[in-house]
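Each chain, written out:
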Amino acid sequence: GVHASASPFEGLAEKMNWLQVKPSEDAFGAAIIADGLDEATLAKWILDPVVTYPDGKGSLFDALEDSDVDACAAKLKELKALA
């Protein structure tokens, strides 16, 4: 069967959780690390915590759902700044 993740970040989280892929070994993971998202935050965020949004709080994965690579990376940077 085929599995499609709801966002690039959720796909990264699944690879990290299921396949023990290091984020630096994944193209999207390496890009968001280079953009300032540290691996300690990634380790917490792959568990889909409640995070602060500009207008409240909610699921990290929900905040990123249906976003493409660029939009997802930008949203991660925004959410990290709000943390």
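Residues numbered from 1 in each chain as written. Predicted model: local features only at pLDDT ≥ 70, side-chain atom pairs only at ≥ 80, totals over all residues. Heavy atoms only, no water.

Asks: Explain helix 2 (residues 27–34) here, please?
Replies: Two residues of an α-helix separated by three or four positions point the same way, owing to the 3.6 residues in each turn. Within the sequence span of helix 2, burial applies to Phe-28, Gly-29 and Ile-32. For helix 2, the angular spread of the buried residues around the axis is 100 degrees, confining them to a single face. Within helix 2, the exposed residues directed more than 90 degrees away from the buried face are Ala-27 and Ala-34. Buried positions along helix 2 lie against helix 1 (8–19), helix 3 (39–45) and helix 5 (69–82). Two or three places before Phe-28, at the opening of helix 2, Asp-26 has a side-chain oxygen 3.0 Å from that residue's backbone nitrogen. (Buried < 20%, exposed > 50% of the residue type's maximum accessible area, 1.4 Å probe, protein only. Helix = DSSP H or I, 4+ residues; strand = E, 2+ residues; numbered from the N terminus. Arc of directions from axis to C-beta. Contact = heavy atoms within 4.5 Å. Polar contact = N/O pair within 3.5 Å; in protein donor to acceptor, adjacent residues only side chain to side chain.)

Asks: Can you help me understand the packing of aromatic side chains in this one?
Replies: Given two aromatic rings, their pairing is described by the distance between the two centres and the angle made by the two planes. Summed over all chains, the structure comprises 1 aromatic pair. Considering the side-chain rings of Phe-9 and Phe-61, the 6.2 Å spacing of their centres and the 65 degrees angle between planes classify their relative orientation as edge-to-face. Within this pair, whereas Phe-9 is found in helix 1, its partner Phe-61 is found in helix 4 (residues 60–64), the two being separated by 52 residues in sequence. The class of Phe-9 is buried, set by a relative accessible area of 0%. (Phe/Tyr/Trp six-rings, centres within 6.5 Å; stacked < 30°, edge-to-face > 60°.)

Asks: Looking at this structure, how should I read the side chain of Glu-10?
Replies: Structurally, the position occupied by Glu-10 is in helix 1. For the buried Glu-10, no salt bridge is present, and the opposite-charge side chain at shortest range is Lys-15, 13 Å distant. Apart from the residues lying within four places of it in its own chain, the contact partners of Glu-10 are Ser-5 and Phe-61. (Lys, Arg positive; Asp, Glu negative; His and termini not counted. Salt bridge = Lys/Arg side-chain N within 4 Å of Asp/Glu carboxyl O.)

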